[in-house]
Amino acid sequence: MTATIIDGKTIAAELRGKITADVARVTQAHGHVPGIAVVLVGEDPASSVYVRTKAKAVAEAGMRAFDYKLPATTSEADLLALIAKLNADDNVNGILVQLPLPPQIDAHKIIFAIDAAKDVDGFHPINVGRLASGLPALVPCTPLGCLRLVKSVHSTLAGMEAVVVGRSNTVGKPVTQLLLKENATVTVTHSKTRDLPAVCRRADLLIVAIGKPELVRADWIKPGATVIDVGINRVTGDDGKPRIVGDVAFEEAVQVAGAITPVPGGVGPMTIACLLLNTLRAGCVQKGILGPKI
Ligand code: NAD
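Only a predicted model underlies this, so the values are computations on that prediction, with no experimental measurement involved.

Cut-offs used in this document
Residues numbered from 1 in each chain as written. Predicted model: local features only at pLDDT ≥ 70, side-chain atom pairs only at ≥ 80, totals over all residues. Heavy atoms only, no water. Helix = DSSP H or I, 4+ residues; strand = E, 2+ residues; numbered from the N terminus. Contact = heavy atoms within 4.5 Å. Disulfide = S-S within 2.5 Å. Pairing = 2+ DSSP bridges. Axes fitted to C-alpha atoms, helices over the stretch in contact; angles between N-to-C directions. Buried < 20%, exposed > 50% of the residue type's maximum accessible area, 1.4 Å probe, protein only. Right-handed = clockwise from strand over helix to strand, strands pointing away. Near = heavy atom within 4 Å. Polar contact = N/O pair within 3.5 Å; in protein donor to acceptor, adjacent residues only side chain to side chain. Areas by Shrake-Rupley, 256 points an atom, 1.4 Å probe, with all protein chains shown as cover. Nonpolar A, V, L, I, M, F, W, Y, C, P; charged D, E, K, R; others polar.

Asks: Which residues make up the side chain of T261, and what are the values?
Replies: Structurally, T261 is set in the loop between β11 (259–260) and α10 (267–287). What T261 contacts, discounting residues up to four positions off in sequence, is I6, L149, V227, I228, D229, F250, G266 and V267.

Here is the structure:
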């Protein structure tokens, strides 16, 4: 038996359709077009692709995109000055500074400078703390997307044995908080975890975010488990051509899992959809408008 494929592309398209409709509601009824500022410093090729994809999705949802492409030599002071300007701009509801930043800029300082109400990446310590305290918060987009994918196959996560592989601030830690909020029993693992395959085999729900191509093998997966693969790894295929693979060996995992996300076409499209949702929500809060029920 092979696993159900969790089709992130289709689920994200549905979500984006709902967001577009709600953006129209906010624009028509309240005369405000939600807007996001996307700031890219330098020419990192992967970051440039992400930024272009985000700008396209923002426009398709009927939102405003304010794009800032700054040279790699930009000083920390100049970037902080731009953040201050965007914080004060009423047309900008969300601010996203694409990471990584060049070495002369302290990313923590920049994240800290963003108005927490406009922090659509959910990386500001105020939002991190609010999420950990169970308060309403802007939550990082990839973990939000993961949760929506899990919920597409499970009506409740209460009591579920979940294992998260990876403890990054962007994925592992926030997804852990979201799972706790859903009453799952969560184990967080990382590069120093002893006998990782054995810990993974306990999981009814396995969420993997490590950036190691196809590290998780079929025999790490409990038969019937739901597997969410966050990894995006560029590798060279047997045919010598570049291809993208996840952190899970999909071809073998699909034989054991109950449900699994593909790479590409799983978590990736959800991240962008959730960025749009965060921007719309942030805009509604800032303008005192009833938020979307999505
Ligand atoms: P990161 O490098 O910040 O963190 C990696 C984590 O994995 C660390 O906590 C580390 O302890 C753990 N780890 C590393 N090697 C390990 C090993 N051998 N065994 C167990 N744990 C190990 O990475 P990140 O930002 O969380 O990203 C992880 C992956 O997810 C990357 O491939 C990244 O490209 C991808 N990603 C995808 C999206 C998306 O939209 N789909 C978004 C963010 C990240």
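On we go.
Asks: Outline the state of the cysteines, supporting the account with residue identities and numerical values.
Replies: Under the definition given, this model contains 0 disulfides. Here C274 stays free of any disulfide, with the sulfur of C141 as its closest cysteine sulfur at 6.5 Å. Free cysteine C284: the closest other cysteine sulfur is in C274, separated by 16 Å.

Asks: Can you break down the sheet that holds strand β4 (residues 94–97) residue by residue, with the values?
Replies: Sheets are built from strands paired through backbone hydrogen bonds, the pairs being either parallel or antiparallel. The 3 strands are arranged β3-β2-β4 in an open sheet whose pairing can be described as parallel. A single partner strand is all that each edge strand has here, and the edge strands are β3 (64–70) and β4. Put simply, the sheet's adjacent strands are angled 15 degrees from each other on average, direction ignored. Both strand β2 (residues 35–41) and β4 contribute to a ladder of 4 bridges, which runs parallel. Counted as the bridge partner of I36 is G94 from β4.

Asks: Explain the pairing of β2 to me, using residue names and the numbers behind them.
Replies: With 7 of its 7 residues buried, β2 lies for the most part within the structure. Residue alternation in β2 divides its side chains into two sets, G35, A37, V39 and V41 and I36, V38 and L40, and both sets are buried. For the crossover that starts at β2, traverses helix α2 (residues 45–60) and ends in the parallel β3, the hand is right-handed.

Asks: I'd like a description of the site of the ligand, backed by residues and values.
Replies: The environment of the ligand is made up of 22 residues, and the closest members are R167, S168, V230, I232 and T271. T271 is positioned with one of its side-chain polar atoms (N or O) 2.7 Å from an oxygen atom of the ligand. Contact with the protein chains covers 71% of the free accessible surface of the ligand, which is 850 Å². Of the residues forming the shell around the ligand, the biggest block, 3 residues, is contributed by α10. Among the residues making up the shell around the ligand, the classes are represented as 9 nonpolar, 11 polar and 2 charged.

Asks: For the side chain of T226, give the residues involved together with the corresponding values.
Replies: Its place among the elements puts T226 in strand β8 (residues 226–229). By relative accessible area, which is 3% here, T226 ends up buried. When near neighbours in sequence (up to four residues on either side) are disregarded, T226 contacts I6, V153, H154, D204, L205, L206 and A259.

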